[in-house]
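These are the residues of each chain, in order.
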Amino acid sequence: MIPSFRRSRQPHRVPWTYERLLRERAITLGYTIDRSTALNYSSALNSFLHFCDLHGFSYEPTENSLSFYLVFMASSVSTSTLTTYLSGIVKLLSPYFPNITRIRNSAIVRNTLQGCRRRHFSHPNRKPPLPLQLLSNVCHVAFPVADHDLLLCLAILVSGFYALMRLGELVFPDDPALRDYRKLTPRSSVKFHPNHIYQFTLPTHKADKTFEGDVIIVQRLFARGPDPHLIYYMPAFPYLHLFLFYLVLHYIFTLSSRSLYSLRVQ
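Remember, predicted model here, so these are calculated numbers, not experimental data.

I'd like a rundown of the packing of helix α3 (residues 63-73) against helix α4 (residues 79-93), residues and numbers included.
Running from N to C, α3 and α4 point in directions that differ by 150 degrees, and their axes come no closer than 11 Å. Comparing their axes, α4 and α3 come out roughly antiparallel. Here α3 and α4 pass one another in a crossing that is right-handed. Along its contact with α3, which presents Leu66, Tyr69, Leu70 and Met73, the element α4 presents Leu82, Tyr85, Leu86 and Ile89. Of the residues assigned to the contact of α3 with α4, the class counts are eight nonpolar, no polar and no charged.

Mind laying out the sheet that holds strand β3 (residues 214-218), listing which residues take part and the relevant values?
Ordered in space as β1-β2-β3, the three strands form an open sheet in which the pairing is antiparallel. Single-partner strands in this sheet number two, and they are β1 (191-193) and β3. Neighbouring strand axes in the sheet, compared pairwise and without regard to direction, differ in orientation by 25 degrees on average. Pairing geometry for β1 and strand β2 (residues 197-202), over three bridges, is antiparallel. Counterpart to His193 in the pairing with β2 is Ile197.

Explain the side chain of Ser65 residue by residue, including any values.
Mapping Ser65 onto the fold places it in helix α3. The contacts of Ser65, once residues within four sequence positions are left out, are Phe48, Phe51 and Glu60.

What counts and how
Residues numbered from 1 in each chain as written. Predicted model: local features only at pLDDT ≥ 70, side-chain atom pairs only at ≥ 80, totals over all residues. Heavy atoms only, no water. Axes fitted to C-alpha atoms, helices over the stretch in contact; angles between N-to-C directions. Helix = DSSP H or I, 4+ residues; strand = E, 2+ residues; numbered from the N terminus. Parallel < 35°, antiparallel > 145°, perpendicular 65-115°, else oblique. Left-handed = near helix turned anticlockwise from the far one by under 90°. Contact = heavy atoms within 4.5 Å. Nonpolar A, V, L, I, M, F, W, Y, C, P; charged D, E, K, R; others polar. Pairing = 2+ DSSP bridges.

Following this line, the structure appears as structure tokens:
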């Protein structure tokens, strides 16, 4: 029996139908993982189903099928990708096969994954660092040109350099399936401070589990380094931001994408 407590006054709420409760819950569950993660997980599930079809295994996961899948895929993908694939398979198949988590944590699957990491170890492929002098030369040569898109590319380049940001946090994805307008920096969040210091808000990102966003502060950290070019980009073409909400805009009133940025930088 539920103990009796003092009742508190509750605001008047209209009850929802059972169909609406199901719909709202389904929509909410769709927000549990990022779009890019969901796309990777979908690719992982497709690869597992193809593996089962190829070898005549049942779609119901077992310790053998998961460990065989790891061995089979380890020869064609990196071990980090293999770990992501395994997480995606467990995530997407758990509503249909509740015991898949136990299978994933079984000794044979864990040891197979560890063996794949050792057997197919590869060194990380890192890009060379961007020298400060090269960055200064690029800004010195390109800055005199009064071109909106060029100033935008310089603003992205220098802001990402000083703030240690990834390119994906500063531009719009090329793949429409990965585009999320909630991740775009709003124009109104930019604040300028003395000594060529400015800040803007990164509303959310893939690793932001609290959805609070981050305040990015950009300043010139080296005496010989170039100025953060956002202080030149925004005042140069103010009419672009009069009616459009977002910060990274091309001259043709479109959002700056990864491909357009890469093409202009080259």
